[in-house]
Amino acid sequence: MKFPWKNSWRPNTFSELGRRGKVENRDNRADIMEPSPSSQGSSKPRQRKKNHHRAPKDQNVQHQPQNGPSRAKPAKQQELGDENESSPAGRCGNRNWRRNPSGSESPHVDSLCTRDGTASQSEDSAGPVNRQPGQRSETPRRKNCTAAVKRQNREPCVIRDGSAESETPPTTRLTPAKQQPRKQNSTKCMKAASVQSRPTDSDSCSPHDGEEQEKKKKKRRKKRKSKAGSEEKMEGSAVCGAEKPQTPLKTNRTPQCEGPTAASPGSKNRRNRGGRRRVFEDYMTLRDVSAGLKRGELIQGSLRINPKNYHEAFIPSPDGLADIFLDGVVARNRALNGDVVVVKLLPSEQWKVVNGEECEPTPAGKGPAGQERAGDPSSPDVIVEAQVDEEEGELIRKLESVSLQSKAPATPKNGKHSSVCSTPGSTAEKTVQRTGKVVYIVEEKHSRAASGFIKFLPDKHFAMFSPADHRVPRVNVPLTDCPPDFPSRPGDYANTLFICRITHWPYDNTFAEGRLAKSLGQAGEIEPETEGILIEYDVDFSEFSEEALACLPQNLPWTIPAEELAKRRDLRKECIFTIDPATARDLDDALSCKQLPDGNFEVGVHIADVSYFLEDGTALDFVASTRATSVYLVQKVIPMLPRLLCEELCSLNPQTDRLTFSVIWKLSPKGKILSEWFGRSVIRSCVKLSYDHAQSMIEAPDKEFSAEELPACSPEHPLKRVHQAVLHLHSIAKHLRAQRFEGGALRLDQMRLAFSLDADSGMPQGCYVYQYRDSNKMVEEFMLLANMAVAHQIYRKFPKLALLRRHPWPQSRMVEVLQELCDQMGLSINLESAGALHRSLNETVGNDQYSLARKEVLTHLCSRPMQMALYFCTGILQDEKQFSHYALNVPLYTHFTSPIRRYADIIVHRLLAASIKCGPRLRLSDKEVQKQASHCNDKKTASKRVQEMSTELFFSVFVRECGPLDSEAMVMGMLDKSFDVLVLHYGVQKRIYCNAIEGLQSFHFRKVGKRPEMTLVWAPGDLEQDTFTQEISLFSLVNVQLRSDGAQLKYSAVLRRPERPEP
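Engineer: So what exactly am I meant to see when it comes to the overall build of the chain here?
Structural biologist: Scanning the chain from N- to C-terminus turns up 23 helices and 41 strands. Here the chain, with 1063 residues, has 60% of them falling under the buried criterion. The contacts of the chain with a sequence gap of at least 6 include a subset with a gap of at least 24, amounting to 73%. A total accessible area of about 43,800 Å² is found for the chain, and carbon and sulfur atoms account for 50% of it.

Engineer: Would you mind going over helix α18 (residues 774-797) with me for this structure?
Structural biologist: Three or four residues apart is the spacing at which side chains of an α-helix point the same way, because the helix has 3.6 residues per turn. Between its first and last C-alpha, α18 extends 35 Å over 24 residues, near the 34 Å set by a 1.5 Å rise per residue. Where burial is concerned, most of α18 is hidden: 19 out of the 24 residues are buried.

Engineer: Explanation requested: the sheet that holds strand β17 (residues 462-467) in the structure shown.
Structural biologist: Remark on secondary structure: sheet strands pair via backbone hydrogen bonds, oriented parallel or antiparallel. The strand order around the closed barrel built from five strands is β16-β17-β18-β20-β19, with neighbouring strands paired in mixed fashion. Neighbour-to-neighbour, the strand axes of this sheet turn through a mean angle of 50°, independent of strand direction. Here strand β19 (residues 496-504) runs beside strand β20 (residues 512-522); their pairing, made up of eight bridges, is antiparallel. Within β20, the residue paired with Phe498 across the bridge is Ser519.

Engineer: What should I look at first to understand the packing of aromatic side chains in this one?
Structural biologist: Remark: the centre distance and the inter-plane angle together describe each pair of aromatic rings, the angle taken between the planes. Under the definition given, this model contains 16 aromatic pairs. Centroid distance Phe314 to Phe325: 5.4 Å. Interplanar angle 40°. Geometry classified as tilted. Note that Phe314 is positioned in strand β7 (residues 312-315) and Phe325 in strand β8 (residues 324-327), a separation of 11 residues in sequence. The residues Phe314 and Phe325 share a single accessibility class, namely buried. With 6.5 Å between their ring centres and 45° between their planes, Tyr493 and Phe498 make a pair best called tilted.

Engineer: Where do I start with the pairing of strand β24 (residues 601-608) in this structure?
Structural biologist: Looking along a regular strand, one sees the side chains alternate between the two faces of the sheet. With seven of eight residues buried, β24 lies mostly within the body of the structure. Two elements, strand β23 (residues 589-595) and β24, share seven bridges in a ladder whose sense is antiparallel. Within β24, the residue paired with Ala590 across the bridge is His606. The antiparallel hairpin formed by β23 and β24 contains five residues in its connecting segment, where Gly599 sits at a positive phi of about 90°. Note: β24 against strand β27 (residues 657-667), eight bridges, orientation antiparallel.

Engineer: What am I meant to see in the pattern of salt bridges here?
Structural biologist: When charged atoms on two side chains of opposite charge get close, those side chains can pair. Evaluation of the coordinates by the stated rule reveals 47 salt bridges. One salt bridge connects Lys518 with Glu531, and the closest N-O pair in it is separated by 2.5 Å. You can see Lys518 sitting in strand β20 and its partner Glu531 sitting in helix α10 (residues 526-536), a full 13 residues away along the chain. By relative accessible area, which is 40% here, Lys518 ends up partly exposed. Of the charged contacts, one joins Glu527 and Lys636 as a salt bridge, the two residues approaching to 3.5 Å between their closest N and O atoms. Placement of the pair is Glu527 in helix α10 and Lys636 in the loop between β25 (631-632) and β26 (637-638), with a sequence separation of 109 residues. Residue classification places Glu527 among the partly exposed residues on the basis of a relative accessible area of 42%. Each of Arg737, Arg740, Arg747, Glu780 and Glu781 takes part in a single network of salt bridges with overlapping partners.

Engineer: It is not clear to me how the packing of helix α14 (residues 619-627) against helix α23 (residues 926-962) should be interpreted in this structure. Could you clarify?
Structural biologist: Any two packed helices are characterised by how steeply their axes cross, that is the angle between the axes, and by the distance between the axes. Where α14 meets α23, the closest approach of the two axes is 8 Å, and the angle between their N-to-C directions is 55°. Judged on the interaxial angle alone, α23 and α14 are oblique. Where α14 approaches α23, its residues Ser625, Thr626 and Arg627 are matched on the opposing element by Gln932, His935 and Lys939. Looking at the contact of α14 with α23 residue by residue, the class counts come to no nonpolar, four polar and two charged.

Engineer: How should I be thinking about the sheet that holds strand β15 (residues 436-443) in this particular structure?
Structural biologist: As summarised here, the arrangement of the three strands in space is β5-β9-β15, forming an open sheet in which the pairing is antiparallel. Looking at the sheet topology across the chains shown, the edges are occupied by β5 (298-302) and β15. On average, adjacent strands in this sheet sit at an angle of 30° to one another, irrespective of strand direction. Judged from the five bridges that link them, β5 and strand β9 (residues 340-345) form a sheet pairing that is antiparallel. In the sheet register, Ser302 faces β9, and the bridge partner there is Val340. Lying on the sheet, helix α8 (residues 286-295) is in contact with β5, β9 and β15; it crosses β5 at an angle near 100°.

Engineer: Looking at this model, I keep getting lost on the nonpolar core. Mind explaining?
Structural biologist: For soluble globular proteins, the rule of thumb is that nonpolar side chains tend to be buried together. By size, the foremost hydrophobic cluster in this structure holds 97 residues, and its most contacted members are Phe577 and Phe782. Here this core gets 11 residues from one element, more than from any other, and that element is α18. Dropping the residues within four chain positions of it, Phe577 is found in contact with Ala590, Leu591, Ser685, Cys686, Val687, Leu689, Val722, Ala725, Val726 and Leu729.

Engineer: Sorry if this is basic, but what is going on with the packing of helix α16 (residues 691-699) against α18 here?
Structural biologist: Between α16 and α18, the shortest axis-to-axis distance is 8 Å and the interhelical angle comes to 100°. Taken as axis vectors, α16 and α18 run roughly perpendicular relative to one another. In this structure, α16 contributes Tyr691, Ala694, Gln695 and Ile698 to the contact, and α18 contributes Asp774, Ser775, Asn776, Met778 and Val779. Among the residues forming the contact of α16 with α18, the class breakdown is five nonpolar, three polar and one charged.

Engineer: Which parts of the structure should I look at to understand helix α21 (residues 851-862)?
Structural biologist: Taking 1.5 Å of rise per residue, 12 residues should cover 16 Å, and α21 covers 16 Å from first to last C-alpha, within 8% of that figure. Across the 12 residues of α21, 11 count as buried, placing the element largely inside the fold.

Engineer: Quick question: what am I supposed to make of the state of the cysteines here?
Structural biologist: By definition, a disulfide links the sulfur atoms of two cysteines through a covalent bond. Inspection of the entire model under this criterion finds zero disulfides. Cys862 provides the cysteine sulfur closest to Cys822, a residue in no disulfide bond, and the two sulfurs are 5.4 Å apart.

Procedures and definitions
Per chain, the residues get numbers from 1 upward, laid out in the order the sequence is written. Restriction of local features to residues with pLDDT of at least 70 applies here, the model being predicted, together with a cutoff of 80 or more for giving and counting side-chain atom pairs; totals for whole chains, interfaces and linings are based on all residues. Here the side-chain values reflect all heavy atoms present in the structure, with hydrogen atoms and water set aside. Numbering goes from the N terminus for both helices and strands, where a helix is a DSSP run of H or I of at least four residues and a strand is a run of E of at least two. Exposure is judged per residue with a 1.4 Å probe applied to protein chains only, and the accessible area is read against the type maximum: over 50% gives exposed, under 20% gives buried, and values in between give partly exposed. In what follows, residue pairs with any heavy atoms lying within 4.5 Å of each other are defined as contacts. Note on areas: Shrake-Rupley, 1.4 Å probe, and residue coverage restricted to the protein chains presented here. One fewer than the residue count of a helix, multiplied by 1.5 Å, yields its expected span. Two strands qualify as a pair provided DSSP detects at least 2 bridges between them. Lines are fitted to the C-alpha atoms to define the axes, a helix being fitted only along its stretch in contact, and any angle between axes, read from their N-to-C directions, falls within 0 to 180 degrees. What counts as a ring pair is set by centres within 6.5 Å for rings of Phe, Tyr and Trp (its six-membered ring), and what kind of pair is set by the plane angle: stacked under 30 degrees, edge-to-face over 60, tilted for all other angles. When a carboxyl oxygen of Asp or Glu is within 4 Å of a side-chain nitrogen of Lys or Arg, the pair counts as a salt bridge. An angle below 35 degrees is treated as roughly parallel, one above 145 as roughly antiparallel, one from 65 to 115 as roughly perpendicular, and anything else as oblique. Ten residue types, Ala, Val, Leu, Ile, Met, Phe, Trp, Tyr, Cys and Pro, are classed as nonpolar, four, Asp, Glu, Lys and Arg, as charged, and the remainder, Gly among them, as polar. What makes a nonpolar core is a set of buried Ala, Val, Leu, Ile, Met, Phe, Trp, Tyr and Cys residues whose side-chain atoms join them at distances within 4.5 Å. For the purposes of this analysis, a disulfide is any pair of cysteine sulfur atoms at a distance within 2.5 Å.

From the geometry alone we can't say anything about function, so treat these as descriptive.
Below, the structure is given as structure tokens:
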């Protein structure tokens, strides 16, 4: 990408470069975005003035004497040298030549670049790798680099940066005119030395100083080895090691690593002051990646980055073992969270050693299974499925490490304020976790957009964008994208949220390049923060285009055409009603129930016929397939379809004729299916009930409800008849539910937070944990029954084209480790099957006031091995056993009941219509259905995360406006220096760090078997003389206070001092 300001400043004099060198080059320069001459199609090298090669006086460079002019290497050696530019020797000795687009070699002269660790960006991020004006890009890879590496490793180039040595390429370039024989006049040699900034060993050509030069070479080699040894012990050594070539594919370029800062955007980047240095490796070619995947040498998976520690990332292991750990930014190789990547495992000696007694890397947590309906905790279409929750990875650390080496006793850590010890019965073990590095990005699932803040950099032609999500790199953005008065008044924008889109991430920079998209408003306000969340997760919240809206009926109010009525089963005189949340406006499902003379029941599930209005291949169909799902926020809904369609034409509003797709069964009083019917129908709902209304009817079966207690009902169907229908449905649903769980189904409920909002301001006035009651369970059972019935119907008719939903079995290795952990903690949890797990959970939690909290804690433990439920096309998977749904314990399942908010349901409706010959055959191939299914999976995951972030946003505002908030909490996970709690009154989870607890004198962590325990030693109070202790373990009850932090929309949980126990 070209920017108008890329050539706005170039040093014209030696003095100007010397004055600006330290500050200008510490941060990412404006011209790092400048394309190389070769990329512009020109093979002619840039010519620079000689004084540009002089080193500034303030530059901390180790100058070495030089007694002769530079000598170009022979052509063969030069060609090999270019190949190994990423190695120390290759980059020092082989930057003199480049191949132009025509294939011939052309020389190039670089300008000098300096860098200092005190520049303005250092307090925010690691300094980027600089790229100077006119600097050329890296040469393409070539073969036969092994010999060059051996040949060039004898002559590295060494400079000093502060106290650390680093190897760097020279900035001098030779022109053809400067190529000289080895023997030269000494006067010319001295003259050349005065121009060059950092001579390399190969540039010292005087035969008279051979002995002296050889001694200096040996000395530099020793220093370089010493530096390399010390770096391996530093924090960043794992990252450096991750970038060493571990494959015979020599075409891969490997970046140089300079200790911990090379891979750490959050640290100060004290790198060399030379030319461009490679931070990231080149990606492998698609051909090599395909071959590596087939041979099993490479692994493909979705990248997950820990939001609490962005240095840690994971991809799932295909063999079901512990996830593969990616240590540091460099190992991720410019991939972002959610991207589909290909990873190469590092050698076993570089794997992560995990000590069972220590705080370990956050594993790739699988969040607790929960309800599927984004933003609507009362959804009847509830399926137990694991969801990705990246912030809960450390609760079961053993699940993410597999013992791959001999077990050794761990060394206890003893600090000034804490101690970590093992009891005699404990089994402290060291295990290792496989590590890898990204070698290819298959698909960039991340939107490359982020919300954050901009920072002014003096004397720069760009600003620095700092994302609020630390998993996204910092970005250099042109000043032309910033507000006009930003350079003169940067403080005015310190609290302004901006949206930035990454356009490029160069291989030689820890900072990305991008453009500011828009200003959102003030941070901490609900609407700007919400818009930022939506953009980051690529949620389309724009208005529907005129072309899309033109696909809908234009003559309003719309009535059902007579010819369409003739094709459908007329159910308008039946007692049909909806049960939804009180605030719902998109009513897409209705129920009916009437008793038959033989004592059985005719039960119907009636779903809005969206596919009648949404024709395949139209502009509106394209928009809906792209959005794939509605997104439910706390304060609003981002609809998949236009509001005219989802709130009017398709919504099953009371006393209005509506088109539906119906499934009608003849059921026995105990729920046995005697017959079933699928078809298109027309209904007229008699009343809109809320879950509260239905719950009141269930709890008071004999009560005569007055007209004021319930919504207005159709005169054709009195409230008494509706009440009786609800009671019959509830009775049948209880039998269906009991049969499901007796048959081996699993339900893992999760606490969900709901809010009451101010009607005028939209601010949260109160919050509470949503109660999942019998009315919710009743509706859920019939939605599940309809989904399962439709799945069998479409698979029977279209065995290669059906869109179903599968839930794979948990990862076996993680189940084994979890079972061992539960046994040693004294928890009677049976993980042999979904049904066994469900039964053991209910038996373990008890039946007191804290049973729900204990079940929530166990849910977090037991959901770790769970995998995500996925849409798929049956023509893609060959093994029918893989079609099953683990949590529901059924062979076939799909989504049919929510076409207003899920595009997958629309495809299922079209398949169902074709199967009963009341609609055209689906015009998609199995591969096209699978592609849409994968897209729906991605959008569903994003919708889930947006919903969670919206809840977090509103609760943060609530704590800020109404806090501090006191509550009981239950310990749900423990580490050596912290523990996680479930705040019972609000259903939120927070981590408490022992070092930050006020009044705490010390703490002692230990393990009995695998059961973690901690002793907190409280300092004496004002009227006390002695300390006292508090023992905590899993399920312990503590008192906490939620307080708003100084940062925007951040809050923390503070452990309250307990009452001193009675002597």
